[in-house]
Each structure stands twice: as C-alpha cells, then as structure tokens.
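So you can see what is in the structure, the chains are spelled out below.
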Amino acid sequence: AQTVTQSQPEMSVQEAETVTLSCTYDTSESNYYLFWYKQPPSRQMILVIRQEAYKQQNATENRFSVNFQKAAKSFSLKISDSQLGDTAMYFCAFTPTDSWGKLQFGAGTQVVVTP
Amino acid sequence: EAGVVQSPRYKIIEKKQPVAFWCNPISGHNTLYWYLQNLGQGPELLIRYENEEAVDDSQLPKDRFSAERLKGVDSTLKIQPAELGDSAVYLCASSRQGGETQYFGPGTRLLVL
C-alpha cells in the first residue's frame with residue numbers, strides 16, 4: 001500500500017519570504033507521479049506542480065519549485081516570494097503510473113502568509 | 001476552457017433523506033473521479049470512470065452510495081439514505097486519460113442533520 005505523509009500541520013510565513021513544505025511517501029513502485037495541490041478557503045483544489053519520478057530534474061512553476069529525492073522518497077515544495085494569495089491548504093499527492101490516476105493524498109499543510 | 005462544474009455547491013439535508021450531486025467534467029476528458037473529503041483531511045477516491053465504465057469503485061460504500069455516468073460525460077453521485085457521518089465535501093475531478101493530471105471542481109459541501 002502507498003502512503004503519503006505531510007508532517008507539518010501548519011506553517012506561517014511573512015510576505016516575500018520563503019517557506020518549504022515537506023512530504024514523504026512510501027511505495028514499492030518505480031514509476032509514478034507526484035503532485036502538489038493547493039486548496040484555498042474557496043475549496044477549489046488547484047494543481048500547483050507535477051513531477052514525474054523518471055525525471056531527475058526538479059520541476060519548477062514560477063515561484064513554486066520542488067526538491068525531489070527519489071531514493072529518500074521525499075518531495076518537498078518551496079514557495080518563494082510568498083504572497084497573501086498563497087494562503088491555503090497544500091496537499092501532496094502520489095499516483096503510480098499503472099494505477100490510472102488513483103491519487104493518494106497526504107493530510108495537508110495549512111500555509112498562512114502574513115503581511 | 002471551462003473547468004469542472006459541480007452542483008449544488010452546498011446542501012443541507014436531514015438524515016435518512018436522499019441526496020444527489022452532479023458533475024460536468026472538462027470537455028474532452030474521458031476519465032472522471034469522485035472524491036470524498038472529510039474536514040481536515042485529504043481527499044479519498046470513491047469511484048473512477050473511464051468514459052461510461054466504472055473501473056474502480058472499491059472505496060464506494062455500495063449499500064448507500066451509487067453513481068452513474070451516462071453517455072460518458074456528466075456524472076451523478078447519489079446517497080440514499082444519508083447518515084450523519086456523510087457530512088463532508090464531495091469533489092469531482094477529470095483528466096484526459098487515466099493517469100494524467102486531474103483537474104478538480106469546486107466541490108459540494110454536504111451537511112446531514
């Protein structure tokens with residue numbers, strides 16, 4: 001069975017600062033995808049970034065970047081130059097490539113950006 | 001491109017009543033997912049459709065939950081009868097094919113009294 005662990009229930013960061021969210025996962029699969037989704041108070045789940053396990057290069061998307069350590073089964077998200085609109089719950093999610101999209105989510109990390 | 005549409009956004013019912021949720025996926029997306037999200041937790045998959053076929057419904061409580069995706073486009077998730085523990089957010093998502101990036105709708109928040 002696959003599990004996804006987010007050990008930080010809540011993180012607080014000031015505007016313009018950087019925050020890093022941790023995520024670890026457990027799997028015996030070699031091919032899989034990893035995602036970070038953002039869920040603001042409106043509850044719309046929004047894709048932040050996606051990483052394919054076979055790619056060694058870490059994915060980046062504007063102010064969002066990941067540190068993917070396959071051997072350690074770690075997938076952290078860095079938010080640079082934090083903005084008030086980044087306040088949301090962030091979920092790490094995992095799916096093996098042969099599971100046809102069955103996402104396993106972590107419990108989430110609440111990020112609060114303060115002025 | 002329009003996103004995933006869900007209705008209603010909010011629903012309050014009394015226990016033992018039936019309730020139904022509707023989802024319209026992104027145009028061209030063959031795969032549709034229903035997730036259950038309890039307060040303070042990540043979503044959990046209830047059922048996945050490839051076109052009109054339910055290919056993974058192992059987590060769907062079939063004694064009271066049912067779903068359909070007629071014509072492989074819109075989908076309806078039904079609960080009958082609803083229980084207090086069904087209070088949660090029900091999320092619908094779609095992707096072009098199974099395994100590709102999923103895009104989520106705004107969800108339906110259900111409160112069972």
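All figures in this text were calculated on a predicted structure; none of them were measured in a lab.

What counts and how
- Residues numbered from 1 in each chain as written.
- Chains lettered and ligands numbered in written order.
- Predicted model: local features only at pLDDT ≥ 70, side-chain atom pairs only at ≥ 80, totals over all residues.
- Heavy atoms only, no water.
- Helix = DSSP H or I, 4+ residues; strand = E, 2+ residues; numbered from the N terminus.
- Buried < 20%, exposed > 50% of the residue type's maximum accessible area, 1.4 Å probe, protein only.
- Contact = heavy atoms within 4.5 Å.
- Buried area = accessible area lost by both parts, 1.4 Å probe.
- Salt bridge = Lys/Arg side-chain N within 4 Å of Asp/Glu carboxyl O.
- Polar contact = N/O pair within 3.5 Å; in protein donor to acceptor, adjacent residues only side chain to side chain.
- Nonpolar A, V, L, I, M, F, W, Y, C, P; charged D, E, K, R; others polar.
- Core = buried A, V, L, I, M, F, W, Y, C linked by side-chain atoms within 4.5 Å.
- Phe/Tyr/Trp six-rings, centres within 6.5 Å; stacked < 30°, edge-to-face > 60°.

On to the environment of Met89(A), then. Residues and elements named next belong to chain A. Within the secondary structure, Met89 sits in strand 10 (residues 88-96). Among the residues examined, Met89 registers a relative accessible area of 18% and is labelled buried. The spacing of Met89 and Thr18 is 71 residues in sequence and 16 Å in space, taken between C-alpha atoms.

Contacts between chain B and chain A engage 25 residues on the former and 19 residues on the latter. The junction of chain B with chain A conceals about 1,700 Å² of combined surface from both sides, 50% of it contributed by carbon and sulfur atoms. Together, Gly99(B), Thr101(B) and Phe104(B) form the three largest contributors to the area buried by chain B at its contact with chain A, with a combined 27%. Scanning the region where chain B abuts chain A turns up 1 salt bridge. One salt bridge connects Asp56(B) with Lys102(A), and the closest N-O pair in it is separated by 3.9 Å. Inspection of the chain B/chain A interface yields 4 residue pairs in polar contact (both at pLDDT 80 or more). Breaking the side of chain B that touches chain A down by element, the ones donating at least two residues are strand 4 (31-37), strand 5 (44-50) and strand 9 (88-95) of chain B. Each residue belonging to the side of chain B that touches chain A can be placed in one class, and the counts come to 8 nonpolar, 11 polar and 6 charged.

Turning our eyes to something else, we now look at the nonpolar core. Core analysis: the biggest nonpolar cluster contains 25 residues, and Tyr25(A), Trp36(A), Phe75(A), Leu77(A) and Tyr90(A) have the highest contact counts within it. Listed by contribution, the elements that provide at least two residues to this core are strand 3 (19-21), strand 5 (32-39), strand 6 (46-52), strand 8 (64-69), strand 9 (74-79), strand 10 and strand 12 (109-114) of chain A. When neighbours within four sequence positions are excluded, Tyr25(A) is seen to be in contact with Thr3(A), Val4(A), Tyr32(A), Leu34(A), Phe68(A), Gln69(A), Lys70(A), Lys73(A), Ser74(A), Phe75(A) and Phe94(A). Within the second largest apolar cluster, 22 residues are counted, among which are Phe21(B), Cys23(B), Trp34(B) and Leu110(B).

The subject of this paragraph is the packing of aromatic side chains. In the structure shown here, the tally under the stated rule is 15 aromatic pairs over all chains. Measuring from centroid to centroid gives 5.7 Å for Tyr25(A) and Phe94(A), while their planes differ by 25°, and the two rings are stacked. One end of the pair, Tyr25(A), is in strand 4 (residues 24-26); the other, Phe94(A), is in strand 10, and 69 residues separate them in sequence. The two residues Tyr25(A) and Phe94(A) agree in class, both being buried. Plain terms: the ring middles of Trp36(A) and Phe75(A) are 6.2 Å apart, the flat faces sit at 20° to each other, and that makes the pair stacked. Highlighted residues: Trp36(A) in strand 5 and Phe75(A) in strand 9, separated in sequence by 39 residues. Exposure class is identical for Trp36(A) and Phe75(A). Each is buried. Among the aromatic side chains, those forming a connected cluster through ring pairs are Tyr33(A), Phe35(A), Tyr37(A), Phe91(A), Phe105(A), Tyr33(B), Tyr35(B) and Phe104(B).

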